[in-house]
Amino acid sequence: MVSAPGEEHYYLGIDGGGTKCKACIATADGRVLGTALAGPANPLHGFEQTLDSIECAARRALKDAQLPPETLQHLIAGVGLAGVNVPDLYRSISEWRHPFDHLYLATDLGIANMGAHHSEDGAVIVVGTGSSGYARVNGVERLLGGHGFPYGDQGSGAWMGLEAIKAVLLASDQLGPPTNLTEGVARLLGAKGIAIVEVMSGRPSSEYAKLAPLVFSAAEEGDDVAQKIVEEGASYISSMAYKLLDCQPGRLSLIGGLAARIEGWLAPGILKDLSIPLGPPEEGAILFARQRHLKANIA
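## Side note on the nonpolar core
In step 1: Formed by 44 residues in total, the largest nonpolar core has its most connected members in I125 and L181.
In step 2: Those elements giving two or more residues to this core turn out to be β6 (122-127), α4 (157-172), α5 (181-189), α6 (194-200), α8 (212-220), α9 (224-245), β9 (252-255) and α10 (259-263).
In step 3: If we skip the residues at most four places from it in the chain, I125 touches S132, G133, I237, M240, A241, L244, L252, S253, L254 and I255.
In step 4: One finds L62, V79, L81 and F100 within the second-largest nonpolar core, a separate group that totals 28 residues.

## Notes on the layout of surface pockets
In step 1: Its boundaries defined by the atoms lining it, the largest pocket holds a volume of some 880 Å³.
In step 2: Surrounding the largest pocket, 47 residues form its lining, G17, V126, G128, T129 and G130 being those nearest its centre.
In step 3: Those elements that place two or more of their residues in the lining of the largest pocket are β1 (10-16), α3 (108-117), β7 (131-137), α7 (205-209) and α8.
In step 4: Within the lining of the largest pocket, the residues separate by chemical class into 18 nonpolar, 23 polar and 6 charged.
In step 5: Lining the second largest pocket are 18 residues, with A106, T107, G110, Y134 and E141 sitting closest to its centre.
In step 6: Of all elements in the fold, only β5 (102-107), α3, β7, β8 (140-145) and α12 (281-298) reach the threshold of two or more residues within the lining of the second largest pocket.
In step 7: Here the lining of the second largest pocket gets 4 residues from one element, more than from any other, and that element is α3.

## Considering the environment of I125
In step 1: Along the chain, the position of I125 falls in strand β6.
In step 2: Remark: the alpha-carbon pair of I125 and I286, spanning 161 residues in sequence, is separated by 20 Å.

## Focus on α12
In step 1: For α12, with 18 residues, the first-to-last C-alpha span of 26 Å sits near the 26 Å given by 1.5 Å per residue.
In step 2: Burial in α12 covers these residues: P281, E282, G284, A285, I286, F288, A289 and H293.
In step 3: For α12, the secondary structure elements touched by its buried residues are β1, β2 (21-27), β4 (75-81), β5, α3 and β9.

## Some points on the pairing of β9
In step 1: Side chains L252 and L254 project from β9 onto one buried face, and the interleaved S253 and I255 project onto a second face that is buried too.
In step 2: Bridge analysis of β6 against β9 gives 4 bridges, and the strand direction is parallel. Pairing of A123 across the sheet is with L252, part of β9.

## Some details on the sheet that holds β1
In step 1: Strand order in the open sheet formed by 5 strands is β3-β2-β1-β4-β5, with mixed pairing between adjacent strands. Every other strand in the sheet has two partners, leaving β3 (32-38) and β5 as the edge strands with one partner each. Strand after strand, the sheet turns through a mean of 15° between neighbouring axes, direction not considered.
In step 2: Bridging between β1 and β2 involves 7 bridges; their strand directions are antiparallel. Looking across to β2, one finds that Y11 is bridged to A26.
In step 3: Contacting β1, β2, β3, β4 and β5, α12 runs over the sheet at an angle of about 130° to β1.

## Description of the packing of aromatic side chains
Geometry of an aromatic ring pair is reported as the spacing of the ring centres plus the angle between the planes.
In step 1: One pass over the structure, following the stated rule, counts 2 aromatic pairs.
In step 2: Consider the rings of W96 and F100, whose centres lie 6.2 Å apart with planes at 90°: the pair is edge-to-face.
In step 3: Judged by its relative accessible area of 15%, W96 falls in the buried class.

## Some words on α3
In step 1: Summarising burial for α3: 10 of the 10 residues are buried, a large majority.
In step 2: Every buried residue of α3 is accounted for by D108, L109, G110, I111, A112, N113, M114, G115, A116 and H117.
In step 3: Looking one or two residues beyond α3, the residue adopting positive phi is H118, at roughly 55°.

The rules behind the values
- Residues numbered from 1 in each chain as written.
- Predicted model: local features only at pLDDT ≥ 70, side-chain atom pairs only at ≥ 80, totals over all residues.
- Heavy atoms only, no water.
- Core = buried A, V, L, I, M, F, W, Y, C linked by side-chain atoms within 4.5 Å.
- Buried < 20%, exposed > 50% of the residue type's maximum accessible area, 1.4 Å probe, protein only.
- Helix = DSSP H or I, 4+ residues; strand = E, 2+ residues; numbered from the N terminus.
- Contact = heavy atoms within 4.5 Å.
- 1 Å grid on protein atoms, 1.4 Å probe; cavity = no way out; pocket = protein on both sides within 12 Å on 5 of 7 lines; lining within 4 Å.
- Points joined across faces, edges and corners; volume = space filled by probe spheres on them.
- Nonpolar A, V, L, I, M, F, W, Y, C, P; charged D, E, K, R; others polar.
- Expected span 1.5 Å × (residues − 1).
- Pairing = 2+ DSSP bridges.
- Axes fitted to C-alpha atoms, helices over the stretch in contact; angles between N-to-C directions.
- Phe/Tyr/Trp six-rings, centres within 6.5 Å; stacked < 30°, edge-to-face > 60°.

Without other data, these values stay purely geometric and don't point to any function.
Printed below as a string of structure tokens:
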């Protein structure tokens, strides 16, 4: 068992999104000690759930790091969350009486960018439960998308799931073309026709995102309806990439749970400009926390 920290600082990196919350604990020199997962952490779709997920992921990461539970109050936390680009949510999270020593809050895109490039400068496109793009060049930030489901997030898992349901419902009324998605959706949801509406009514974006792998599989098997959904989503992500590249970020990375599956559907000109991420968002959150804590101490 590692002893509780005294003068030494331990850093917590949090990457919170619509499906899961990832946590990483590291030493001051960046050595990762433990990682963990917890539930959804997008305050736009559940404020209390987000707070619970952050603390749960942190405690699990402490256990993985073989640090005692009381270490929680000594952690310097960098927290990157989806949804905090909405000013009221940023303010509410900032006012949280958290259990950590310090908490430095950023958007999920900000910490993803730092993780991908090990620098504040660069650009990222996140394609997971939601979708959004971000660039930072010479201190100037640009945010694209991030409007949230169902208002935007084209190309994301949640958007694809909703589009699949729309297509299946049209097909069930014989007002749209038949699709292999019908059987796949019925199998996953245990419902057909109008019963799908009953099953999915009020469900969070993460539940819609569970249908995305089905859409990709059907598209790869040649289903016309599924192909159109994926192509439309990929076209949006490609357009976002071109806009970010206009900022001349130096590096552009595609990250998120659906990055690998959608990459092959992007415009050919985009693929040559993509850079492999240097690290995951939760490690970017640790870099962010270290920078902010150092600046605070110097000030």
